[in-house]
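Structural features, examined
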Amino acid sequence: MRVHFIAIGGSAMHNMAIALHKKGFRVTGSDDVLFEPSVSRLSQHGLLPEKEGWFPEKITEDTDAVILGMHARADNPELLKAQDLGLKIYSYPEYIYEHSKNKLRVVIGGSHGKTTITSMILHVLKSAGKDFDYLVGAQLEGFDTMVKLTDEAPVIVIEGDEYLSSAIDRRPKFHLYKANIGVISGIAWDHINVFPTFDNYVEQFELFIETIQAGGKLIYSETDSVLNELVKLNRSAVEKIPYGLPSYNIKYGVTNITMDNKEYPLQVFGEHNLLNSEAARLVCENLGIHAVGFYTYLGLFKGAARRLELVGKNENASFFKDFAHSPSKLKATIHAVKAQFTDRELIACIELHTFSSLDKNFLSQYSGSMDEADTAIVFIDRKTFEHKKITPYGSERVKTAFSREDILFFNEPGELNKYLENIDMKNKNLLMMSSGNFGGIDLKSLSVKIL
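Per chain, residue numbering runs from 1 following the sequence as it is written. Per-residue local features of the predicted model are confined to residues with pLDDT of at least 70, and side-chain atom pairs are confined, for both listing and counting, to 80 or more; whole-chain, interface and lining totals are unaffected and use all residues. As a convention, hydrogens and water are excluded, and side-chain values are obtained from all of the structure's heavy atoms.

Side note on the sheet that holds strand β2 (residues 26–30)
Heads up, the rule is: The pairing criterion for strands is at least two bridges between them, as found by DSSP. Numbered from the N terminus, helices here are DSSP runs of H or I no shorter than four residues, and strands are runs of E no shorter than two. Every axis in this analysis is a line fitted to C-alpha atoms, fitted for helices over the stretch in contact. Angles between the N-to-C directions lie between 0 and 180 degrees.
If you trace the four strands from one edge of the open sheet to the other, you get β2-β1-β3-β4, paired in parallel fashion. Two strands lie at the open edges of the sheet, namely β2 and β4 (89–91), each paired on one side alone. With direction set aside, neighbouring strand axes in the sheet form an average angle of 25°. Both strand β1 (residues 2–6) and strand β3 (residues 65–68) contribute to a ladder of four bridges, which runs parallel. Counted as the bridge partner of isoleucine 6 is leucine 68 from β3.

Here it is, written out as structure tokens:
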């Protein structure tokens, strides 16, 4: 098979390219912007394009399939060439389904926790010696790639994003996988540039439930009122399995799940991660791994990259980074750190970076989301406003939206970095949250300076 990737540098795209290369496919690709880690990883496998840009001459009649990334626009010259030649064009979720339509498909959906739940499942399945394929949105310890595709594995575990599939396929990705076992972790409005109303956003999860195959199962969080109501009204012929918080305690800074008078210590913490673990446990139970084995294996799980990831620590302070950017994720992550370290002050910094988070009409959704932080910081890189062509706004609008007058606001990375470098970290934790990169601030170097 000869497969060409349009926008090969994307997170899922470059990992899928590597996975197909490992299967023996002839893989080519193009992209107009390439960043790390995709540059190094594509280069390692001989797949890095010679130069950036779009080259229609790469698309020929002997191309068996073209995989189109979300980054590519509808007028992409390579896409137009493929359409002219009548080639088979897939979005990456379409291709994942084609690869896995004879497998048992586990699809993890929800506005938050998708990556962590998927990562927990993958860690436990690997620890148990199971054979499986997967697609996950973060790099995991012990896994070479974020995508694995084989002919032999009977199961595939897929992180199911609700965002659109491609420029020519406006369906949410998780609708295309046709799950046998589906998970929804919760519903909190996101992607307002695509789903302009909350009801429109919620509808995508209702449609996801409808795509679960006959005789399949839906595992869902009963702690989410919107999701609970949605499931209650849904008439799909699938088994609906709710989950909530497990029994647990926190001793000496370690969270332990308790079951049958035994304690199972975890390396991750926070109620949101405990909920994530219950979703993962129920999936694994349906794949033949029962609770004792699950909790035992989970004890060695260190977390997915950028999900409450420890950057550095000393005897009385810790520095965490997290992918949190939506209001619900922000609130849950702050609460997790405060509950785990009750004797320390928390300095929490959020970078507003996505279209949704920067939208003036959406900003009020952040009201109260940073209330538990002792010091709350909001950062918006002024270049992000320019790049996304959004009219800039300042500290007063942010303070009003977050319902917190003492918020510290920065729009220059140098100024934010200077402030953070001068913090006295004694008996404090620092939590940096973003789906971006804080304007290029080196968090590792910052950690060394302040701890």
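From this point, things continue past the structure.
What about the packing of aromatic side chains?
Here is the rule we go by: Think of it this way: a Phe, Tyr or Trp ring, Trp meaning its six-membered ring, pairs with another when their centres are within 6.5 Å, and the plane angle makes it stacked under 30 degrees, edge-to-face over 60, tilted otherwise. Using a 1.4 Å probe on the protein chains alone, a residue whose accessible area is under 20% of its type maximum counts as buried, one over 50% counts as exposed, and one in between counts as partly exposed. To sit over a ring, a charge needs its Lys NZ or Arg CZ within 6 Å of the ring centre and within 35 degrees of the ring normal.
As enumerated under the stated definition, the model contains 18 aromatic pairs in all. When the centroid spacing of 5.5 Å and the interplanar angle of 70° are considered together, the rings of tryptophan 189 and phenylalanine 362 count as edge-to-face. On the criterion of sequence distance, the pair formed by tryptophan 189 in the loop between β11 (181–184) and α6 (198–211) and phenylalanine 362 in the loop between α11 (355–358) and β20 (375–379) is long-range, its members being 173 residues apart. Note on tryptophan 189: relative accessible area 17%, which makes it buried. A ring pair is formed by phenylalanine 385 and tyrosine 393, whose centres lie 5.1 Å apart and whose planes are at 70°; its orientation type is edge-to-face. Taken individually, phenylalanine 385 and tyrosine 393 each receive the classification buried, so the pair is uniform in this respect. An aromatic cluster of three or more residues is present, and its members are Phe174, Phe195, Tyr201, Phe205 and Phe208. Lying across the ring of phenylalanine 143, lysine 126 places its NZ or CZ 4.8 Å from the centre. The ring of phenylalanine 355 has lysine 388 lying over it, and the distance from NZ or CZ to the ring centre is 4.5 Å.

Quick word on the layout of surface pockets
The rolling of a water-molecule-sized probe over the atoms marks out the regions of remaining empty space. So the rule is basically this: A 1.4 Å probe that fits into a set of points on a 1 Å grid over the protein atoms alone but cannot get out defines a cavity; an open set with protein on both sides within 12 Å along at least five of seven lines defines a pocket, and lining residues are those with an atom within 4 Å of a point. Grid points are joined across faces, edges and corners, and a volume is the space filled by probe spheres set on the points. Residues are sorted three ways: Asp, Glu, Lys and Arg are charged, Ala, Val, Leu, Ile, Met, Phe, Trp, Tyr, Cys and Pro are nonpolar, and all the rest, Gly among them, are polar.
Estimates place the volume of the second largest pocket at around 600 Å³. Along the wall of the second largest pocket there are 28 residues; nearest its centre are Gln267, Phe269, Leu308, Leu310 and Phe320. If you list the elements that add at least two residues to the lining of the second largest pocket, you get β15 (254–259), β17 (309–314) and β18 (317–322). Ranked by residue count, the leading element in the lining of the second largest pocket is β17, at four residues. For the lining of the second largest pocket, a count of residues per class yields 11 nonpolar, nine polar and eight charged.

Remarks on the sheet that holds strand β21 (residues 408–410)
Within the open sheet, the six strands sit side by side as β17-β18-β22-β19-β20-β21. Their pairing is mixed. Looking at strand neighbours, the two that pair on one side only are β17 and β21, the edges of this open sheet. Neighbouring strand axes in the sheet, compared pairwise and without regard to direction, differ in orientation by 15° on average. For strand β19 (residues 345–351) and strand β22 (residues 428–433), the ladder comprises six bridges, and the chain directions are parallel. Directly across from isoleucine 350, in β22, lies its bridge partner methionine 433.

Considerations on the pattern of salt bridges
What counts here: We count a salt bridge whenever a side-chain nitrogen from Lys or Arg sits within 4 Å of a carboxyl oxygen from Asp or Glu.
The tally for this structure, following the rule as stated, stands at 21 salt bridges. Between arginine 73 and aspartate 75 there is a salt bridge, with the nearest N and O atoms lying 3.0 Å from each other. Judged by its relative accessible area of 45%, aspartate 75 is partly exposed. Between glutamate 263 and lysine 251 there is a salt bridge, with the nearest N and O atoms lying 2.8 Å from each other. Linking glutamate 263 in strand β16 (residues 262–265) with lysine 251 in strand β14 (residues 248–251), this pair joins segments that are 12 residues apart in sequence. A residue is classified by how much of its surface remains accessible, and glutamate 263, at 39% relative accessible area, is partly exposed.

A short note on the nonpolar core
Inclusion rule: Residues belong to one nonpolar core when they are buried, are Ala, Val, Leu, Ile, Met, Phe, Trp, Tyr or Cys, and are joined through side-chain atoms within 4.5 Å. Whether two residues are in contact is decided by their heavy atoms: any pair within 4.5 Å suffices.
Counting 79 residues, the largest nonpolar core has Phe5, Met16, Leu20, Val378 and Phe402 as its most contacted members. Residue contributions to this core peak at seven residues, all from helix α1 (residues 11–22). With sequence-adjacent residues up to four places away left out, leucine 20 is seen in contact with Val3, Phe5, Phe25, Val27, Ile67, Tyr95 and Leu149. Grouped together as the second largest cluster of nonpolar side chains are 41 residues, Leu140, Val155, Ile181 and Val283 included.

Quick notes on the packing of helix α5 (residues 114–127) against helix α9 (residues 291–298)
Note the threshold: What sets the label is the angle itself: under 35 degrees gives roughly parallel, over 145 gives roughly antiparallel, 65 to 115 gives roughly perpendicular, and the rest give oblique.
The N-to-C vectors of α5 and α9 enclose an angle of 105°; their axes lie 9 Å apart at closest approach. Here α9 runs roughly perpendicular to α5, going by the angle between their axes. For the pair α5 and α9, contact is made by Met120, His123, Val124 and Ser127 and by Phe294, Tyr297 and Leu298, respectively. When the residues that make up the contact of α5 with α9 are grouped by side-chain class, the tally is five nonpolar, two polar and no charged.

Some details on the pairing of β17
Across five bridges, the pairing between β17 and β18 is antiparallel. Bridging from a neighbouring strand, glutamate 309 pairs with lysine 321 of β18. Connecting β17 to the antiparallel partner β18 that follows it, the hairpin turn spans two residues.

Structural notes on the environment of glutamate 412
How we decide: Each polar contact in these results corresponds to two N or O atoms within 3.5 Å; when the atoms are within protein, one needs to be able to donate a hydrogen and the other to accept it, and residues that are neighboring in sequence are counted only if both atoms are side-chain atoms.
As for its placement among the helices and strands, glutamate 412 is situated in the loop between β21 and α14 (413–421). On the accessibility criterion, glutamate 412 (32% relative accessible area) is partly exposed. Separated by 26 residues in sequence, glutamate 412 and phenylalanine 438 have C-alpha atoms that sit 9.2 Å apart. Not counting the four nearest positions on each side in its chain, glutamate 412 is found in contact with Phe379 and Arg382. For glutamate 412, the side chain forms a polar contact with the side chain of arginine 382, separated by 2.5 Å.

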